[in-house]
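Structural features, examined
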Amino acid sequence: MCGIVGYIGKRDVAPLLLEGLARLEYRGYDSAGIVVNSPKAGALKMVKAKGRVRDLEARVPKRFAGTTGIAHTRWATHGAPSDVNSHPHLDPENKVAVVHNGIVDNAAELRAKLEAEGVVFASETDTEVITHLIARSQADTLEEKVREAVKAIDGTYGIAVMHADFTDRIVVARNGSPVILGIGEKEMLVASDVAALIAHTRQVVTLNDGEMATLKADDFRTYTTSGTTTNATPETVEWEAASYDMGGHDTYMHKEISEQPDAVDRVLRGRIDDRFNTVHLGGLNLDPREARGIRRVKILGCGTSYHAGLIGAGLIEGMARIPADAEPASEFRYRNPVVDPDTLYIAVSQSGETYDVLAAVQELKRKGARVLGVVNVVGSAIAREADGGVYVHAGPEVCVVSTKCFTNTVVAFALLAVHLGRIRDLSVTDGKRIIEGLRKLPAQIQEILDGEEDIKKLAAEFAEAKSMMFIGRVRGYPVALEASLKLKEISYIHAEAYPASELKHGPLALIEPSLPTVAIVPDDDLLEKNRAALEEIKARSGRILAVAHREQEKADHTIVVPKNEDELDPILMGIPLQLLAYHTALAMGRDIDKPRNLAKSVTVE
Ligand code: F6R
């Protein structure tokens, strides 16, 4: 949730770190801070500020020279956002500086112990415990001091440490929170997200849990917390630095919505096998015999990824005829689920770092289950923890709310469904039909995006609503859920999503002219049922916006989307509602890329 960036080399470090922090701000942004080594040996210089990175930048003095530094953008967990609670955390002698992502579970206990020894804490954070542990260590090397500290703490961490007595190095450690080394020419970087690195280098090493590293300007070394050297071969990041730019759009959300035709093209590329009307998924690690033995599929994810999983479950059940369902990973973990050896578990995550999903995967693996990942970030924790999986190839998603990753994840599920289906009961003809439908998606998405101006006009009307209802049936219900989440996240308008079939079991009581309903009305076998729901709403003077394949006369407005195969319609029907949420929030003057109280990657519980 928070962001770390560090540098050691010859360049003036402060501007470089501030730029890195700006690239990480989407992960958390209630306060930020920076430490650089002072040319005067034996002390570190620090600036911290509550607020955005630009607030920190405004405070950094003109003379803030240094060639080694660490910086942090925070999303508060322990202690309110404030200057003093911002990272880095220094010891009273200004010798040790620590930035930390994650949570120290035994912070209260360690704090009490340190206080009993006379330590005075400056902040309310759990992180400051780590600083004092390192500062008080009697070990000879910085590596040993950090090792002692991380052994004393329980919980999750990605940390970077500087020490005024060891100015030639930064020491980092990882457990449950990403730490990525950027390998440059006579300079080394570290960050919690490649976003902060790739303007400088695309050669990276991703640390594993339990690993540490020492970065020097011209060298790096990785080892375990027990001191055993590990092999770290740098990998090349596929994503271009330019993919993190706004590319002429006013917001990342708009850019990412607009990128969907290309993104969908990418997830399909190289995976379709026209000879057998099936799909090849290289990283699945599931042979046909094993695929035939699957008796159930259970999909786990959070938020938008959970909604993508709901659509995915429908696709798998429909095409492969394997009973499938999706559940929020956060709920699954805590209900002591029966883990069945014949069930295929699928963890869905854009970031590949969401703690609840990762913890569910680890619990499943511990119990001997087979777990696949459907993930966007290559090499992320969930991708590495899973037995195999499908990358969704959406490219970097910077806006806090997910759009293109959602769409690509659903397409990835459609590919998986065809793959499993063709091994089992999906006929050649149906395989071909779905593949042809998949190929039409990029152009059809573009057609929907070309209608943006009309959706913008509708949004002006909805920006006045206090609350909105979203309904859909079977395949349309997860579309309604996702559209309602998108609207509430960025506009802060209250929104509810219900299966259209449930209306008369309660929510119909809410319907009146001031509560508009968005209805998903595909031209499929449930069309008449959906129309009946529109009648029910109209009879109560409710206003209706339908997303449909043809004008709906009971609706006040219809957004007409192109028809694809019934199974793939949910992919297209979600797109205009991303634009609706976007333009509604824009009309309300919201901070679209950084909605209040939310962060991109939820790496804590
Ligand atoms: C909403 C959104 C979140 C994420 C959720 C899981 O727009 O993006 O609901 O989907 O926090 O994140 P990932 O997919 O990274 O596991």
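Before going into details, it helps to say that this report is about the structure given with it. (Residues numbered from 1 in each chain as written. Predicted model: local features only at pLDDT ≥ 70, side-chain atom pairs only at ≥ 80, totals over all residues. Heavy atoms only, no water.)

Considerations on the site of the ligand
The following threshold applies: Any residue with a heavy atom positioned within 4 Å of a molecule or strand is treated as near that molecule or strand. Polar contacts, as used here, are pairs of N or O atoms within 3.5 Å; protein pairs need one atom able to donate a hydrogen and one able to accept it. Residues neighboring in sequence count only if both atoms are side-chain atoms. For every accessible area listed, the method is Shrake-Rupley and the probe measures 1.4 Å; residues are considered covered only by the protein chains on display. Strands are runs of DSSP state E lasting at least two residues, helices are runs of H or I lasting at least four, and both sets are numbered from the N terminus onward. In this count, Pro and Cys sit with the nonpolar residues alongside Ala, Val, Leu, Ile, Met, Phe, Trp and Tyr, while Asp, Glu, Lys and Arg are called charged and the others, Gly among them, polar.
Taken together, the neighbourhood of the ligand is formed by 13 residues, with Ser305, Ser349, Gln350, Ser351 and Thr354 sitting nearest. A distance of 2.6 Å separates an oxygen atom of the ligand from a polar side-chain atom of Ser349. The fraction of the free accessible surface of the ligand (410 Å²) that becomes covered by protein chains is 90%. Those elements giving two or more residues to the shell around the ligand turn out to be α9 (303–320) and α16 (476–491). Looking at which element gives the most residues to the shell around the ligand, the answer is α9, with three residues. Along the lines of polarity and charge, the residues of the shell around the ligand split into three nonpolar, eight polar and two charged.

Some details on the packing of helix α13 (residues 404–423) against helix α14 (residues 428–450)
The following threshold applies: Only C-alpha atoms enter the line fits that serve as axes; for helices the fit covers just the stretch in contact. Angles between N-to-C directions range over 0 to 180 degrees. The scheme is simple: roughly parallel for angles under 35 degrees, roughly antiparallel for over 145, roughly perpendicular for 65 to 115, oblique for anything else. Should the near helix be turned anticlockwise from the far one by less than a right angle, the crossing is left-handed, and should it be turned clockwise, the crossing is right-handed. The contact rule is simple, with two residues in contact once any of their heavy atoms fall within 4.5 Å.
Across the interface, α13 lies against α14 with an axial gap of 10 Å and an inter-helix angle of 165°. With respect to each other, α13 and α14 are oriented roughly antiparallel. For the element pair α13 and α14, the recorded crossing hand is left-handed. Contacts between α13 and α14 pair Thr407, Val411, Ala414, Leu415, Val418 and Arg422 from the former with Val428, Gly431, Ile434, Ile435, Leu438, Leu441 and Ile445 from the latter. Its residues placed into classes, the contact of α13 with α14 shows 10 nonpolar, two polar and one charged.

Side note on the pairing of strand β24 (residues 517–521)
Selection criterion: Exposure classes here rest on a 1.4 Å probe applied to the protein chains alone. A residue is buried below 20% of its type maximum, exposed above 50%, and partly exposed in between. In this scheme, strands are said to pair when DSSP sees at least two bridges between them. Whether a crossover is right-handed depends on one test, that the path from the first strand over the helix to the second runs clockwise when the strands point away from the viewer.
A large share of β24 lies buried, amounting to five of its five residues. Neither face of β24 is left uncovered, since the one carrying Thr517, Ala519 and Val521 and the one carrying Val518 and Ile520 both have all their residues buried. In the sheet, strand β22 (residues 467–472) pairs with β24 via three bridges, with the strands oriented parallel. Following the sheet pairing, Ile471 is matched in β24 by Ala519. Relative to strand β25 (residues 544–548), β24 is paired through five bridges, and the arrangement is parallel. Within β25, the position partnered with Ala519 by the bridge is Ala546. As a crossover connection, the stretch from β24 through helix α17 (residues 527–539) into β25 is right-handed.

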